[in-house]
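# Close look at the chain arrangement
What follows is the residue order along each chain.
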Amino acid sequence: MNAGTMTLANDVAVALSGGADGINFDANTLSIDATTNRVGFGTTGPASAIHISNSTYPQLEIDDATSRNYALGVQSSSFKIRDVTGTADRLVLSSAGNWGIATSNPSAPLHVAGNVSLSSMSVVDAYTPSFGAVTAGSTSTVTWTETVDRIGEFVTSSFTATM
């Protein structure tokens, strides 16, 4: 068939006997590997059950069909969950193994941009909080409160500084 529409009136089972790249649509748009039962989007050699490949931003986009779109994908060597509608990275795993929440470039094992709310916190090792630099001519208040339960001991410490 050169053009037009193919209509199947009833349920049809299709058996592929061609093996790797058994069906290929539009030279890499969609490839089905019948030998390994894998589907590739953007590749003729899918390496897993579903394999998405794209040199720009390979992603799986999910939307609620009304107002919000999210994408799972890889960009700049980082895995991202991206709010496509709000054009913001919500969760990022960098190639260095750092997790970022509300930041595109996490610089620590857990990097959160913005406020954090915890119902409790347990400190395993000694920790010295770091709050960054205060610019000359500006005022900043830093508050650190810590409650730790260490081997039956209950320790509470608090720190507040205004600069």
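Structure report, in brief. These numbers come from a predicted model, not from an experiment.

## Brief notes about the overall build of the chain
- A tally of helices and strands in the chain yields zero helices and twelve strands.
- Helices and strands appear in the chain in the N-to-C order β-β-β-β-β-β-β-β-β-β-β-β.
- A burial count over the chain gives 16% of its 163 residues as buried.
- The contacts of the chain with a sequence gap of at least 6 include a subset with a gap of at least 24, amounting to 4%.
- When the accessible area of the chain is evaluated, it comes to approximately 12,000 Å², of which 53% is carbon and sulfur surface.

## Concerning the sheet that holds strand β4 (residues 50-52)
- Overall, mixed pairing links the four strands, which are arranged β1-β2-β3-β4 in an open sheet. Single-partner strands in this sheet number two, and they are β1 (23-25) and β4. Put simply, the sheet's adjacent strands are angled 10 degrees from each other on average, direction ignored.
- Of the pairings in the sheet, the one linking strand β2 (residues 30-33) to strand β3 (residues 38-41) comprises three bridges and is antiparallel in character. Among the inter-strand pairings, Ile 32 is bridged to a residue of β3, identified as Val 39.

Reading guide: rules and limits
- Residues numbered from 1 in each chain as written.
- Predicted model: local features only at pLDDT ≥ 70, side-chain atom pairs only at ≥ 80, totals over all residues.
- Heavy atoms only, no water.
- Helix = DSSP H or I, 4+ residues; strand = E, 2+ residues; numbered from the N terminus.
- Buried < 20%, exposed > 50% of the residue type's maximum accessible area, 1.4 Å probe, protein only.
- Contact = heavy atoms within 4.5 Å.
- Areas by Shrake-Rupley, 256 points an atom, 1.4 Å probe, with all protein chains shown as cover.
- Pairing = 2+ DSSP bridges.
- Axes fitted to C-alpha atoms, helices over the stretch in contact; angles between N-to-C directions.

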